[in-house]
Amino acid sequence: SQQGEEDPQALSIQEGENATMNCSYKTSINNLQWYRQNSGRGLVHLILIRSNEREKHSGRLRVTLDTSKKSSSLLITASRAADTASYFCATVSPYDKVIFGPGTSLSVIP
Amino acid sequence: KAGVTQTPRYLIKTRGQQVTLSCSPISGHRSVSWYQQTPGQGLQFLFEYFSETQRNKGNFPGRFSGRQFSNSRSEMNVSTLELGDSALYLCATGSRDGGTGELFFGEGSRLTVL
């Protein structure tokens, strides 16, 4: 079964608004990563947060990790139409399997 | 630096046939992972190879197999194809030498089984 579960499954917002996606997981992890996928393409790595980190920033992206709740969130600020894509969280376990959640489909309306 | 190259990009097969997909990693990457992506099941982990050895394996039947060559290029094979094998097969490579860094994905091989 999949390790990560994203929430919501789909999100539609207006350009300029912030988008927040959540990821929950079940077992201990070494790190958690977020990826983006444009329709029918390969995935692109966005950001990695280690199990001993609580927050990380990269440009308009902000990721938080709460290991006590086994959850992470990805915030995209000031969204753009080009941010329309599917976003996946991926957990890396101590045995190094990288398991992806089902993803959140984000639509940013111009 | 060239990215991850997957071939072929698109292919159509019929039930019962077999297929081989290829993945050439980024130079220096020794880890190659394969994923199956379908609308219903999402991204499912197939297997990971590191230095020619299978390091991890997902829950797929024995019809799905793979290998890695000394130059780190990897192939996966699916025998006795079924309709449900229609999917986007993604290869991801990384420099995961005992570490857990980011994965670099190819554009995928889209397999249609008729």
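Everything below is about the structure shown above.
Below: a short report on this structure. Quick caveat, the model's predicted, so the values are computed rather than measured.

Digging into the nonpolar core
- Grouped together as the largest cluster of nonpolar side chains are 21 residues, with contacts concentrated most on Trp 34, Leu 46, Phe 64, Met 76 and Tyr 89 of chain B.
- At the level of elements, strand 3 (19-24), strand 4 (31-38), strand 5 (42-50), strand 8 (74-78), strand 9 (87-94) and strand 11 (109-113) of chain B are the ones that each hand at least two residues to this core.
- Non-local contacts of Phe 64 of chain B, meaning those with residues more than four positions away in its chain, are made with Gln 36, Leu 46, Phe 47, Met 76, Asn 77, Val 78, Asp 85 and Tyr 89 of chain B.
- Grouped together as the second largest cluster of nonpolar side chains are 20 residues, Cys 23, Ile 49, Leu 65 and Ile 76 of chain A included.

Re the interface of chain B and chain A
- With 23 residues of chain B in contact, the opposing surface of chain A contributes 21 residues.
- Both faces considered, chain B and chain A share a buried interface measuring about 1700 Å² in area, 48% of it formed by carbon and sulfur atoms.
- Linking chain B with chain A are 1 salt bridge.
- Across the pair Arg 41 of chain A and Glu 107 of chain B runs a salt bridge, and its minimum N-O distance is 2.7 Å.
- Viewed at the interface, chain A and chain B are joined by 5 residue pairs in polar contact (both at pLDDT 80 or more).
- Those elements that place two or more of their residues in the side of chain B that touches chain A are strand 4, strand 5, strand 6 (53-57) and strand 9 of chain B.
- With 5 residues, the top contributor of residues to the side of chain B that touches chain A is strand 5 of chain B.
- Grouping the constituent residues of the side of chain B that touches chain A by class yields 7 nonpolar, 10 polar and 6 charged.

Focus on the state of the cysteines
- All told, the structure shown has 2 disulfides over all chains when counted by the stated rule.
- Note that Cys 23 of chain A is cross-linked by a disulfide to Cys 89 of chain A, the S-S spacing being 2.0 Å. One disulfide, between Cys 23 of chain A and Cys 89 of chain A, carries an S-S torsion of 65° and so falls in the right-handed class. Placement of Cys 23 of chain A in strand 3 (residues 19-24) and of Cys 89 of chain A in strand 9 (residues 85-92) is noted, with a sequence separation of 66 residues between them.
- Taking the relative accessible area as the measure of exposure, Cys 89 of chain A reaches 0% and is therefore buried.
- Disulfide pairing places Cys 23 of chain B opposite Cys 91 of chain B at an S-S distance of 1.8 Å. Given an S-S torsion of about -50°, the disulfide between Cys 23 of chain B and Cys 91 of chain B has left-handed geometry. One end of the pair, Cys 23 of chain B, is in strand 3; the other, Cys 91 of chain B, is in strand 9, and 68 residues separate them in sequence.
- Given the relative accessible area of 0%, Cys 23 of chain B is considered buried.

What counts and what doesn't
- Residues numbered from 1 in each chain as written.
- Chains lettered and ligands numbered in written order.
- Predicted model: local features only at pLDDT ≥ 70, side-chain atom pairs only at ≥ 80, totals over all residues.
- Heavy atoms only, no water.
- Core = buried A, V, L, I, M, F, W, Y, C linked by side-chain atoms within 4.5 Å.
- Buried < 20%, exposed > 50% of the residue type's maximum accessible area, 1.4 Å probe, protein only.
- Helix = DSSP H or I, 4+ residues; strand = E, 2+ residues; numbered from the N terminus.
- Contact = heavy atoms within 4.5 Å.
- Buried area = accessible area lost by both parts, 1.4 Å probe.
- Salt bridge = Lys/Arg side-chain N within 4 Å of Asp/Glu carboxyl O.
- Polar contact = N/O pair within 3.5 Å; in protein donor to acceptor, adjacent residues only side chain to side chain.
- Nonpolar A, V, L, I, M, F, W, Y, C, P; charged D, E, K, R; others polar.
- Disulfide = S-S within 2.5 Å.

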